Amino acid sequence: MLRFAHLLDRLLYAPQRNTKLKLMADYFRSAPDPDRGIALAALAGALEVKSAKPSMIRALVMQRVDPELFGWSYDFVGDLAETTALIWPERPTNRAAPALGEIPSELDGLSAAAASEVIESWLDTLDATGRWALLKLVTGGMRVGVSARLAKTALAEAFGREVDEIEEIWHGLEPPYGELFDWLEGQSDQPDMSQRAVFRPLMLANPLEEGDLARLDLSQYVAEWKWDGIRVQIASRGGEVRLYSRTGDDISAAFPDIVDLVSFEGVLDGELLVQRDGEVAPFNDLQQRLNRKRVTRRMLQDHPAHIRLYDILFDGDEDLRSLPFTERRGRLERFLEREQPERTDLSEIVNFEDLEALEALRDACRGEQLEGLMLKRRDSVYIAGRPKGPWFKWKRDALTLDTVVMYAQRGHGKRSSFYSDFTFGAWREGEGGPELVPVGKAYSGFTDEELKRLDKWVRDNTVQRYGPVREVAHGLVVEVAFDSVHRSSRHKSGVAMRFPRFHRIRWDKPVEEADRLESLEKLIV
Amino acid sequence: MARAARRASWIRVRPEGLLVEPGGFYVDPTRAVERAVITHGHADHARPGHGAVAATPATLAIMRTRYGETPFGTGQPLAFGETISINGVSVRLVPAGHVLGSAQVVLEYKGERVVVSGDYKRRPDRTCAGFEPVPCDVFVTEATFGLPVFRHPPDEDEIATLMHSRRLFPERCHVIGTYSLGKAQRLISLIRAAGYDRPLYLHGALIPLCDLYQAHGVDLGELLPATAGEKGKPRADLSGEIVLAPPSAIADRWARRLPDPVVAMASGWMRVKQRAKQGGVELPLVISDHADWDELLQTLDDVGAPEVWVTHGREEALVHAARQKGIEAKALRLLGYEEEG
Ligand SMILES: [Zn+2]
Ligand SMILES: [Zn+2]
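Residues numbered from 1 in each chain as written. Chains lettered and ligands numbered in written order. Predicted model: local features only at pLDDT ≥ 70, side-chain atom pairs only at ≥ 80, totals over all residues. Heavy atoms only, no water.

Can you help me understand the overall build of chain B in this one?
Along the backbone of chain B there are nine helices and 19 strands. Its C-alpha atoms give chain B a radius of gyration of 20 Å, within 12% of the compact-globule value 20 Å for 341 residues. In terms of its C-alpha atoms, chain B occupies a principal-axis envelope of roughly 65 × 45 × 30 Å. Sorting the 341 residues of chain B into buried and exposed places 61% on the buried side. The contacts of chain B with a sequence gap of at least 6 include a subset with a gap of at least 24, amounting to 59%. Where the 40 positive side-chain charges of chain B centre and where its 42 negative ones centre are 3 Å apart. (Helix = DSSP H or I, 4+ residues; strand = E, 2+ residues; numbered from the N terminus. Rg over C-alpha atoms; globule rule 2.2 N^0.38 Å. Buried < 20%, exposed > 50% of the residue type's maximum accessible area, 1.4 Å probe, protein only. Contact = heavy atoms within 4.5 Å. Lys, Arg positive; Asp, Glu negative; His and termini not counted. Charge placed at Lys NZ, Arg CZ, Asp CG, Glu CD.)

Could you clarify how one ought to interpret the coordination of the zinc ion (ligand 2) in this entry?
Residue and element names in this part refer to chain B. Around the zinc ion (ligand 2), the protein supplies His45 (NE2), Asp119 (OD), Asp119 (OD) and His312 (NE2) as donor atoms, at distances of 2.2 to 2.6 Å. Around the zinc ion (ligand 2) sit four donor atoms; with metal-centred angles ranging over 52 to 128 degrees, the donor geometry is irregular. If you list the donors of the zinc ion (ligand 2) from N- to C-terminus, the spacing comes out as H-x73-D-x192-H. Here the zinc ion (ligand 1) and the zinc ion (ligand 2) are spaced 4.0 Å from one another, each receiving a donor from Asp119. (Donors = N, O, S within 2.8 Å, 3.2 Å for Na, K, Ca; no water. Tetrahedral: all angles 85-135°; square planar, octahedral: opposite > 155°, others 65-115°.)

Hey, could you run me through the sheet that holds strand E4 (residues 35-37) of chain B in this one?
Note on sheets: strands pair through backbone hydrogen bonds, and any given pair is parallel or antiparallel. Residues and elements named next belong to chain B. With mixed pairing, the six strands of this open sheet are ordered in space as E1-E2-E3-E4-E5-E6. The open sheet is flanked by strand E1 (11-14) and strand E6 (72-77), the only strands paired with a single partner. Ignoring strand direction, the axes of neighbouring strands in this sheet form an average angle of 30 degrees. The strands that helix H1 (residues 57-67) touches are strand E5 (50-55) and E6; relative to E6, the one it contacts most, it runs at about 155 degrees. (Pairing = 2+ DSSP bridges. Axes fitted to C-alpha atoms, helices over the stretch in contact; angles between N-to-C directions.)

I would appreciate a short explanation of the nonpolar core in the present structure.
What tends to happen in soluble globular proteins is that the nonpolar side chains get buried as a cluster. Grouped together as the largest cluster of nonpolar side chains are 131 residues, with contacts concentrated most on Phe4(A), Met24(A), Phe28(A), Leu43(A), Ile119(A), Leu180(A) and Phe139(B). When near neighbours in sequence (up to four residues on either side) are disregarded, Leu180(A) contacts Leu40(A), Leu155(A), Ile169(A), Trp170(A) and Leu173(A). Counting 34 residues, the second-largest nonpolar core is a separate cluster that includes Ile159(B), Ile176(B), Leu209(B) and Leu283(B). (Core = buried A, V, L, I, M, F, W, Y, C linked by side-chain atoms within 4.5 Å.)

Sorry, what's going on with the pattern of salt bridges here?
Where side chains of opposite charge bring their charged atoms close, a pairing between them can arise. Residue and element names in this part refer to chain A. Scanning all chains against the criterion turns up 71 salt bridges over all chains. Of the charged contacts, one joins Asp379 and Arg377 as a salt bridge, the two residues approaching to 2.9 Å between their closest N and O atoms. The class for Arg377 is partly exposed, based on a relative accessible area of 27%. One continuous salt-bridge network, built from bridges that share partners, spans Lys226, Asp228, Glu371, Lys395, Asp483, Arg498 and Arg501. (Salt bridge = Lys/Arg side-chain N within 4 Å of Asp/Glu carboxyl O.)

Looking at this structure, I do not really get the pairing of strand E7 (residues 83-86) of chain B. What am I missing?
It is a general feature of regular strands that their side chains alternate between the two faces of the sheet. All names here are of chain B. Here E7 shows a clear split, with Ile84 and Ile86 buried on one side and none of Thr83 and Ser85 buried on the other. Sheet topology note: the E7/strand E8 (residues 89-95) ladder contains four bridges and is antiparallel. Counted as the bridge partner of Ile86 is Val89 from E8. The hairpin turn running from E7 into E8, its antiparallel successor, is two residues long, and Asn87 in that turn takes a positive phi close to 50 degrees.

Looking at this structure, I do not really get the packing of helix H6 (residues 80-87) of chain A against helix H9 (residues 128-139) of chain A. What am I missing?
The relative placement of two packed helices comes down to the angle between their axes together with the axis-to-axis distance. All names here are of chain A. Where H6 contacts H9, the two axes come as close as 8 Å, and the packing angle between them is 145 degrees. Considering how the two elements wind past one another, H6 and H9 form a crossing that is right-handed. Here Ala81, Glu82, Thr84, Ala85 and Leu86 of H6 lie close against H9, whose contacting residues are Ala128, Arg131, Trp132, Leu135 and Lys136. For the contact of H6 with H9, the residue count by class is six nonpolar, one polar and three charged. (Left-handed = near helix turned anticlockwise from the far one by under 90°. Nonpolar A, V, L, I, M, F, W, Y, C, P; charged D, E, K, R; others polar.)

Next up, the structure:
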């Protein structure tokens, strides 16, 4: 337990992805079974452990601590589990500290009262960090900035494997993952998942760079629309149906309107959208569904989900990934005819004569829920990852706006000493004349050199500090690029940009010449 | 000892600080005064500009190092255990275990004994003399970590965490934020005690006091400047090394030139995660030169004073806990002391 506690503690503070990976890999290599399996489950959000309510923790600590002292302490620390971990007055005990691997099973099936007693006795055996980790584990709130994907990547790195090899079997495995570790350590074969609805790593497209077009033999490619939704995989095998995000996160629970209607067996690839009366709704509508763990009936009615299919990986248990695209496409069409799956349709093949026609199609994307075009080589087999060459995404040009920098905040990780997160605004008519209203935030799109100069500019032009945030004089224009703009009641300006980033820093431009809010409103889809 | 109507009524709280009235001197005044007794060299306790200053020789030397050759009018060195009389008040200095030269001030007047602790800690520290409890009528204590959530872990565990991180990230530079007086030297001595004998690299602000410690016979091993040449910027070849710097330098421009630094901070405040995260610290090390909660309470028991005054820190909790022990307690609410931890 203590090793896991120290891992969690360090992960909490580690700003860099690489640091997190190393910390976890070190742990996975050296911690014993079944502890490391339980740790993996906890980090990947896959651990089912009898949960303790905050009220139970509070009751435990109040039995031992003076209420006033606890009150002052809690005010200072600001977190119940942490306060309890730090303040806990240990009583001498003969018990040994619990091993992480035994915690879920020891708690399993206990009444709340019995669980509370066991947790109390464990608290006496641990130090403050150990108690903190235990309380986070049993209250179900790790929050150390690790995604399931990152935990699996660390596991792969620990044993010199590809993360996709782990993804291929992940969803068929259960904590404490004994067979997974056996395979990773070379003691057994890779577990067989052919009969399970596991996630199959996706094939991804590269952005089409300038110059690519001239080199491509367009006759070898087919085009499809690139829809403004999220990429998903729907897997069904042996009665088990799962919906996975691009990174393999299981999002089935949020989309019963898709999952419950599946009657086919196979694995399909497509774009998840919200669609009403055959019309694709703006991305914002989908966002509403994605933000929820559980979905209300009302949500299901107002924001019906839909999948636009563009590939097939498995028909039943037949693996089609080594077939060329055109053959897979044929199999997909026949599959859909045969199975008639609900809430789906087929991604249209966009015909084009030549490059000019293709460009015109792409430029016409604006205003609809289209982000641009996909180009897929006719002979491309389905390869996990992002191979260079077979698939391209060709996004329409971004929109841009000249804005004025209003606030800056320090970044994270390597950038923690730089002011690298910027809030920018556009002009509007206020009561006392023109005023700036914030329209977005951006923290990318500049070079390291530019960042240095921006940082210096912020420090030299600060007018007010609010904790980590600095308000700056209105003196710098930035041309921001963004993919689209939507109405938003959550923003003071009433609009929200999608993917805003720096396009150009206009050191030269007078702030009065920056754009007005109305220009942005005109771009709303 | 007869119980007075009010204990130690000869000591008063003034805007300048704690005044020993019949003696005509202050202890650790926060403004310049005629005559002062100084517990230790931290800037908030040892301000420059007093007329006459009595303190341990090490504290006087620290003040000279920090403020130049004339930090006060006249300095009166007072060895531990030596007793002097200032206008009829007997004054003796006893080790406080906080930093080099740090002392408690034992005051006696008309049969009453008052001990002003200054800042103190109770755990062993190879860089200064250890705290000695002195039985007294009134104990004047600090309460920097006066909340029961502050219970410092064993120092060796924190150093082990640092060493584990070094093994895990051998190519990165570990830069540790640390106060220049006391914490830096103790940290170095703890690192040395863990068997680390590579050179340690110091930000320029830490060098004079480390030199002073070594001149006072505290062995810190090989120390090298972390800066080279132009304008105090870090040298470029510090991959895999340990660098010590003042807290203000670690999160700012100075640390940027270090090779992929792991930013660490050694302080009792690192116990609270929110505090550590706010400071942008990647590797918090809970190492403090102040008594933690358990040690504060232990000290109240050890000195056995029927009355306790709390000078600075989180007074209310310590006053509350002292009263629960049947000790009379009050907060003096002295202003001007900082939260160095
Ligand atoms: Zn001090
Ligand atoms: Zn102090």
